[in-house]
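# Structure at a glance
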Amino acid sequence: MITLAGGQHFVEENIARALQSNIDYLVIGEAEETIQELLEALEGKRKLEEIKGIVYLDQGKIVSTPRRELLTEFDQFPSPNFSVVRYARIKIYPISRIRGCGMECEFCTVKGKPRCATPERMLEDIRFIVETSGGTNFFVVDDLFGQQRDETLRFCEMLTEYQKRIGKRLDFTVQIRLDKAKDPNCWRRCAKPV
């Protein structure tokens, strides 16, 4: 069995430890393109050293390939399909619209200029989850949910209309900066009952 892992928490000081703890390959950075190429390499269709954004052991030595460029065109990827996840009882579905954060807080691993999908794309991901997995409870994993105020308000209005159309109330948890959470106009428009 081959074990793949990834995510923003694999950084310099714990990469070696991860590889020595039965993880075969680490994906560093965003995985949408990297994971496809890595799976092709594991099938013998591609060379590992040509794949950007991975770390692995080769004869006991850590091999780290160059980092992959950050993604900016999110609409090209399919919506996450949680209906194919077996044996997991997902109660809260993760969704996102914004990647990166320009705040550069020293305690945080989320760095870089924010890159955004459209509110329409985020709503499409929600619609897909509702229709394929029956999800009604969502966690917006963005660290900057409220930063683009106009786009956040537009998303909330689209979401309200969608909930009316399907006749269901969907529950959301978001991470938001305190200065944005205090915006009374936002909450009057976003927290409308369905």
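The structure under discussion appears in the preceding block.
### Notes on a nonpolar patch on the surface
Together, Ile2, Leu4, Leu39 and Leu42 make up a nonpolar patch on the protein surface, roughly 310 Å² of accessible area in all. If you trace the backbone, leucine 42 turns up in helix 2 (residues 32–42). Residue classification places leucine 42 among the partly exposed residues on the basis of a relative accessible area of 33%.

### What about the sheet that holds strand 8 (residues 137–140)?
Spatially, the 3 strands line up as an open sheet ordered 5-8-9, and their pairing is parallel. Each end of this open sheet is capped by a strand with a single partner; those strands are strand 5 (93–95) and strand 9 (171–174). In this sheet, adjacent strand axes meet at a mean angle of 30° when their direction is disregarded. Relative to strand 8, strand 5 runs parallel, the two sharing 3 bridges. The residue of strand 8 that forms the bridge with proline 94 is phenylalanine 139. In the packing of helix 3 (residues 119–133) onto the sheet, the strands contacted are strand 5, strand 8 and strand 9, and the crossing angle to strand 5 comes to about 160°.

### Focus on the pattern of salt bridges
The final tally for this structure, using the stated rule, is 15 salt bridges. Between glutamate 131 and arginine 127 there is a salt bridge whose closest N-O contact spans 2.4 Å. In this pair, glutamate 131 and arginine 127 are both assigned in helix 3, 4 residues apart and thus about one turn of the helix distant. Since its relative accessible area comes to 54%, glutamate 131 is described here as exposed. One continuous salt-bridge network, built from bridges that share partners, spans Glu30, Glu32, Arg99 and Arg115.

### Some details on the side chain of glutamate 30
With respect to the element layout, glutamate 30 can be found in the loop between strand 2 (25–27) and helix 2. Overall, the relative accessible area of 17% leaves glutamate 30 in the buried class. At a separation of 3.1 Å, a polar atom in the side chain of glutamate 30 contacts the side chain of arginine 99. Here the side chain of glutamate 30 touches arginine 115 through a polar contact of 2.9 Å, side chain to side chain. If we skip the residues at most four places from it in the chain, glutamate 30 touches Leu70, Leu71, Arg99 and Arg115.

### Observations concerning the nonpolar core
Among the nonpolar cores identified, the biggest contains 17 residues, and Ile95, Met122, Ile126, Phe138, Phe155 and Leu170 are the most heavily contacted of them. Contact partners of isoleucine 95, with chain neighbours within four places excluded, come to Met122, Ile126, Ile129, Phe138, Phe139, Val140, Val141, Asp142 and Phe172.

### Focus: the sheet that holds strand 2
One open sheet holds the 4 strands; their spatial order is 1-2-3-4, and the pairing between them is mixed. A strand with exactly one partner marks an edge of an open sheet, and here the two such strands are strand 1 (4–6) and strand 4 (61–64). Neighbouring strand axes in the sheet, compared pairwise and without regard to direction, differ in orientation by 25° on average. In this structure, strand 2 lies alongside strand 3 (residues 54–58), joined through 3 bridges in antiparallel fashion. The residue of strand 3 that forms the bridge with tyrosine 25 is tyrosine 56. Its contacts with the sheet place helix 1 (residues 12–19) against strand 2, strand 3 and strand 4, and it is angled at close to 45° to strand 3. Each of strand 1, strand 2 and strand 3 touches helix 2; the most contacted strand, strand 2, lies at about 160° to it.

Conventions used here
- Residue indices begin from 1 for each chain and proceed along its sequence in written order.
- Where totals are concerned, whole chains, interfaces and linings use all residues; where local detail is concerned, this predicted model gives features only for residues with pLDDT of at least 70, and gives and counts side-chain atom pairs only at 80 or more.
- The basis for every side-chain value is the complete set of heavy atoms in the structure, and neither hydrogens nor water enter the calculation.
- Patch members must show over 30% relative accessible area and no salt bridge, and they are joined within 9 Å when carrying like charges or within 5 Å when they are nonpolar side chains of Val, Leu, Ile, Met, Phe, Trp or Tyr.
- Note on areas: Shrake-Rupley, 1.4 Å probe, and residue coverage restricted to the protein chains presented here.
- Think of a salt bridge as a Lys or Arg side-chain nitrogen and an Asp or Glu carboxyl oxygen that are within 4 Å of each other.
- For helices the rule is a DSSP run of H or I covering at least 4 residues; for strands it is a run of E covering at least 2, with both sets numbered from the N terminus onward.
- Residue exposure (1.4 Å probe, protein chains only): buried if accessible area is under 20% of the type maximum, exposed if over 50%, otherwise partly exposed.
- Strands were regarded as paired on the criterion that DSSP finds at least two bridges between them.
- Axis definition: a line fitted to C-alpha atoms, limited for helices to the stretch in contact. Angles are taken between N-to-C directions and run from 0 to 180 degrees.
- Residues count as neighbours in contact if any of their non-hydrogen atoms are within 4.5 Å of one another.
- We define a polar contact as two N or O atoms separated by no more than 3.5 Å, with the added condition that, inside protein, one atom must be a possible hydrogen donor and the other a possible acceptor, whereas residues neighbouring each other in sequence contribute only through side-chain atom pairs.
- Side-chain atoms within 4.5 Å are what join buried Ala, Val, Leu, Ile, Met, Phe, Trp, Tyr and Cys residues into a set we call a nonpolar core.

Treat this as a map of the structure, not an account of what it does.
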